[in-house]
Amino acid sequence: MKANDFDKKFDQGCEDIVDDLELSTVRRVNQEQKRVNVDFPAWVVESLDREAARIGVTRQSIIKVWLVERLKAEAADKPSNNPLPH
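Participant: Hey, could you go over the pattern of salt bridges for me, with residue numbers and the actual values?
Facilitator: For the structure on display, the rule yields three salt bridges. Where Arg 70 meets Glu 74, a salt bridge forms, and the shortest distance between an N and an O atom there is 3.0 Å. In this pair, Arg 70 and Glu 74 both sit in helix H3 (residues 59-77), four residues apart, roughly one turn of the helix.

This is the structure we're talking about:
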């Protein structure tokens, strides 16, 4: 489908435009994953696990959320030329 045809369907309020997208190649800008290994003391891991269980998420999820929250807070306090994505 040509971009003009897709735009026209969208502008007309067609609800089935998602079927016209090739979602297998979609990627989010600045969201590419990169694996890192971090060593924590046992008490930190245990605390993370307790908090993760309390709110019903995985350890990895809580680490990601907390780090992103902190980085965004730091970026808000210190204006820079390369702000974190929202």
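From this point, the narrative continues.
Participant: For a nonpolar patch on the surface, give the residues involved together with the corresponding values.
Facilitator: A cluster of nonpolar side chains, Val 18, Leu 21, Leu 23 and Val 26, forms an exposed patch at the surface whose accessible area comes to about 360 Å². Position of Leu 23 among the secondary structure elements: in the loop between helix H1 (3-11) and helix H2 (42-55). Accessibility expressed as a relative area gives 51% for Leu 23, which makes it exposed.

Participant: Could you give an account of the environment of Ile 62, with specific residues and numbers?
Facilitator: Locating Ile 62 in the fold gives a position in helix H3. Taking the relative accessible area as the measure of exposure, Ile 62 reaches 2% and is therefore buried. In this structure, the C-alpha to C-alpha distance between Ile 62 and Leu 48, residues 14 residues apart in sequence, is 7.4 Å. Setting aside its immediate chain neighbours within four residues, Ile 62 contacts Leu 48, Glu 51, Ala 52, Ile 55 and Val 57.

Participant: Can you lay out the packing of H2 against H3 for me, pointing to particular residues and giving the numbers?
Facilitator: In the contact formed by H2 and H3, the axes pass within 8 Å of each other and the chain directions differ by 95°. The angle between H2 and H3 falls in the class roughly perpendicular. Contacts between H2 and H3 pair Val 45, Leu 48, Asp 49, Glu 51, Ala 52 and Ile 55 from the former with Arg 59, Ile 62, Ile 63 and Trp 66 from the latter. Its residues assigned to classes, the contact of H2 with H3 shows seven nonpolar, no polar and three charged.

The rules we used
- Residues numbered from 1 in each chain as written.
- Predicted model: local features only at pLDDT ≥ 70, side-chain atom pairs only at ≥ 80, totals over all residues.
- Heavy atoms only, no water.
- Salt bridge = Lys/Arg side-chain N within 4 Å of Asp/Glu carboxyl O.
- Helix = DSSP H or I, 4+ residues; strand = E, 2+ residues; numbered from the N terminus.
- Patch = residues over 30% accessible without salt bridge, like charges linked within 9 Å, V, L, I, M, F, W, Y side chains within 5 Å.
- Areas by Shrake-Rupley, 256 points an atom, 1.4 Å probe, with all protein chains shown as cover.
- Buried < 20%, exposed > 50% of the residue type's maximum accessible area, 1.4 Å probe, protein only.
- Contact = heavy atoms within 4.5 Å.
- Axes fitted to C-alpha atoms, helices over the stretch in contact; angles between N-to-C directions.
- Parallel < 35°, antiparallel > 145°, perpendicular 65-115°, else oblique.
- Nonpolar A, V, L, I, M, F, W, Y, C, P; charged D, E, K, R; others polar.

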